[in-house]
Amino acid sequence: MIVRAARGAAAALCLTAGLLAPARAQIVTAHDDPAAATAAVELWYRVPSAGYDFQSPGIARMALAAAVASKLAGGASLSELVNRLGGSLSIQVFPDISMVGASVPAASAPAVLRAMTGAFFHPVITAAGLKIAAQDSAVAAASQLYDSALTLQDALFAQLFSQGPGHYAPVPDASQFAKISPADVQAFASRAFRESNAIFSLAGNVGDALRAAVPPSVAALDTPPIDSTLAGASVETSTAARASGMGFAWTGPRISDARAATAMDFIADYLFDPDRGTVTRATRSQRNVFVSGQFVTLHDPGVLLVTLSGETASALQQPVLVAVSAMAQPLDAATFSRARKAFLYHIMSQIQTPVQRADNAGWYAAEGNAQYAPGDPSQTYVNAVNSLDPSFVAEVARMYLQHPAIVRLIQSSPGGSTAT
């Protein structure tokens, strides 16, 4: 996933990485850059965003927000502590994984990590914290109504997957948050955020004090990646939305098939890089349409996702489908060589900050292949890039890029009627 799916070569960034110590059983990544002024501290969890029974859409986001807003034993919440130390706090919720992270001055990172594990490993959700979380989640839901790219992603995943976390929007309609009870939030947080389900991702100025703040574990990581069930044949659907747009999605290789997954990343970059992608450049004259494409690297299967945001998005349906289909024919050697070099440059440019590196490492660890993270010292990802050739990329395109799910957003008024 291009993070968000940041990619890059560790050697070029003078990074070192590795498990903190054999005695610590959680998956822990520590990308150390002693010259950095800050450290990124993140906890990643394998949790279904709609609850373990998939009956509570939005509960993972509500629980994350409530945990960071609830007062700790020391009298301040995690969010208050991070703000007081001059840092920034973030939560991210995806269908199958969630993350809480902080970017703080390096000297403050050990205290923040201790507060973070205190807030999450044995969460006590307070009424005040839950109220803040409800307000924050309602704002997130309202904002997403006008983000056609996110709306399309949720709709496409719901069509691709008939069951499992991928079928449910991580940030649902605000009415869904209102149905979640305080008792359900507490129960979910206690199960989801337990220590044996935590993946640590540390980056930036990771000194001995921060490493020592990672608690020893009594059990190995006990939750495998959570997959979703594929639906039947893909179809084209339309849905009313606050903003117009159109999206396409193809299922692709699992994360363990590193070479094929990297080929899908290459295809997404070649076609849809924001600056140099062939489709992006060809459609740049369409000033009222925003084009985005990425391969979302998941445990099984991955998804090539393309979204077109704007009132005239439908006009680009055929150009996009033709461009994707054309990847089934090998590029000529010179074009491919230039494109692969550009791809590797784009990958490296996306892990320049501690937060980008921590996001990148945490995502791949949570999806089940930590070494595949671009920037890992094993060079697994970079080696996969260098192994690509025109014939193999075309073979992967023929295998996976045949029958997309298609969703069309029809702009409607806030009251629900279709805009004219």
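Keep in mind that this is a model prediction, so the values were computed, not measured. (Residues numbered from 1 in each chain as written. Predicted model: local features only at pLDDT ≥ 70, side-chain atom pairs only at ≥ 80, totals over all residues. Heavy atoms only, no water.)

Draft legend 1. Just the overall build of the protein, in detail. Helix and strand counts for the protein come out as 15 helices and twelve strands. Taken over the C-alpha trace, the protein has a radius of gyration of 21 Å; the compact-globule value for 420 residues is 22 Å, and the two agree within 12%. Structurally, the protein occupies a C-alpha span of about 60 × 55 × 35 Å along its principal axes. The buried share among the 420 residues of the protein stands at 55%. Taking as baseline every contact in the protein between residues at least 6 positions apart, the subset at least 24 positions apart corresponds to 79%. Accessible surface, the protein as shown: approximately 16,800 Å² in total, 55% of it carbon and sulfur. The protein carries 26 positive and 29 negative side-chain charges, and their two centres are separated by 3 Å. (Helix = DSSP H or I, 4+ residues; strand = E, 2+ residues; numbered from the N terminus. Rg over C-alpha atoms; globule rule 2.2 N^0.38 Å. Buried < 20%, exposed > 50% of the residue type's maximum accessible area, 1.4 Å probe, protein only. Contact = heavy atoms within 4.5 Å. Areas by Shrake-Rupley, 256 points an atom, 1.4 Å probe, with all protein chains shown as cover. Lys, Arg positive; Asp, Glu negative; His and termini not counted. Charge placed at Lys NZ, Arg CZ, Asp CG, Glu CD.)

Draft legend 2. Summary view of unusual backbone geometry. A cis geometry characterises the amide bond from D300 onward to P301, with omega recorded as -10 degrees. Relative to the assigned elements, P301 resides in the loop between β10 (290-296) and β11 (303-309). Of note in this structure, F54 is not a glycine but carries a positive phi near 60 degrees. Mapped onto the fold, F54 is located in the loop between β2 (38-46) and α1 (59-69). A relative accessible area of 24% means that F54 is categorised as partly exposed. Phi is positive for Q379, which is not a glycine, with a value near 65 degrees. Within the secondary structure, Q379 sits in the loop between α13 (354-366) and α14 (380-387).

Draft legend 3. Summary view of the pairing of β11. Burial within β11 is extensive, with seven of its seven residues counted as buried. Residues V303, L305, T307 and S309 point to one face of β11 and L304, V306 and L308 to the other, with burial holding for every one of them. Strand direction decides the pairing type here: strand β9 (residues 245-251) and β11, joined by seven bridges, are antiparallel. The partner of F248 across the bridge, within β11, is V306. Bridge analysis of β10 against β11 gives seven bridges, and the strand direction is antiparallel. Bridging across to β11, V291 finds its partner in L308. The antiparallel hairpin formed by β10 and β11 contains six residues in its connecting segment. (Pairing = 2+ DSSP bridges.)

Draft legend 4. Main features of empty space enclosed by the protein. In total, this model carries four cavities of 30 Å³ or more according to the counting rule given. Estimated volume of the largest cavity: approximately 160 Å³. Along the walls of the largest cavity sit 20 residues, with P95, D96, F157, L298 and E367 positioned nearest its centre. Its residues assigned to classes, the lining of the largest cavity shows eleven nonpolar, four polar and five charged. (1 Å grid on protein atoms, 1.4 Å probe; cavity = no way out; pocket = protein on both sides within 12 Å on 5 of 7 lines; lining within 4 Å. Points joined across faces, edges and corners; volume = space filled by probe spheres on them. Nonpolar A, V, L, I, M, F, W, Y, C, P; charged D, E, K, R; others polar.)

Draft legend 5. Quick peek at the sheet that holds strand β4 (residues 97-105). Reading across the sheet, the five strands line up as β1-β6-β2-β4-β3 and stay open at both edges, with mixed pairing between neighbours. Edge positions in the sheet fall to β1 (28-32) and β3 (88-93), since each has one partner strand and no second. With strand direction ignored, the average angle separating the axes of adjacent strands in the sheet is 10 degrees. As paired strands, β3 and β4 are joined by six bridges and run antiparallel to one another. Each bridged residue has a counterpart across the sheet, and for L89 the counterpart in β4 is A102. Relative to the sheet, α1 contacts β3 and β4, its axis offset from that of β3 by approximately 160 degrees. The sheet strands contacting helix α3 (residues 109-121) are β2, β4 and β6 (198-204), and the helix crosses β2 at an angle near 20 degrees. (Axes fitted to C-alpha atoms, helices over the stretch in contact; angles between N-to-C directions.)

Draft legend 6. Focus on the confidence of the model for the protein. Mean pLDDT for the protein: 91, with 92% of residues reaching 70 or above. When the criterion is pLDDT under 50, residues 1-25 qualifies, and its contacts beyond four places in sequence or with other chains add up to 91 contacts. (pLDDT = per-residue confidence, 0-100.)

Draft legend 7. Local environment of the sheet that holds β9. With respect to topology, five strands assemble into an open sheet ordered β8-β12-β9-β11-β10, the strand pairing being mixed. In this open sheet, the two edge strands, each paired with only one partner strand, are β8 (236-241) and β10. Along the sheet, successive strands turn relative to each other by an average axial angle of 15 degrees, direction set aside. Summarising the sheet, β8 and strand β12 (residues 405-411) pair through six bridges and their orientation is parallel. Within β12, the residue paired with S238 across the bridge is R408. Running over the sheet, helix α9 (residues 258-272) touches β10 and β11 and is turned about 170 degrees from β10.

Draft legend 8. View of the nonpolar core. In terms of nonpolar packing, the biggest core is built from 71 residues, with F248, F266, I267, L271, L308 and M327 touching the most fellow members. Counting residues per element, this core draws most heavily on α9, which supplies eleven residues. Not counting chain neighbours up to four residues away, the residues in contact with F248 comprise L156, L304, L305, V306, L308, Q317, V320, L321, P404, A405 and I406. Counting 50 residues, the second largest nonpolar core, distinct from the first, contains L64, M116, I125 and L130. (Core = buried A, V, L, I, M, F, W, Y, C linked by side-chain atoms within 4.5 Å.)

Draft legend 9. View of the packing of α9 against helix α12 (residues 333-348). Close contact between α9 and α12 brings their axes to 10 Å; oriented N to C, the two are set at 95 degrees. Viewed along their axes, α9 and α12 adopt a mutual orientation that is roughly perpendicular. On the side of α9, the interface is formed by T262, D265, F266, D269 and Y270, while α12 contributes T335, F336, A339, R340, F343 and H346. Residues that form the contact of α9 with α12 fall into these classes: five nonpolar, three polar and three charged. (Parallel < 35°, antiparallel > 145°, perpendicular 65-115°, else oblique.)

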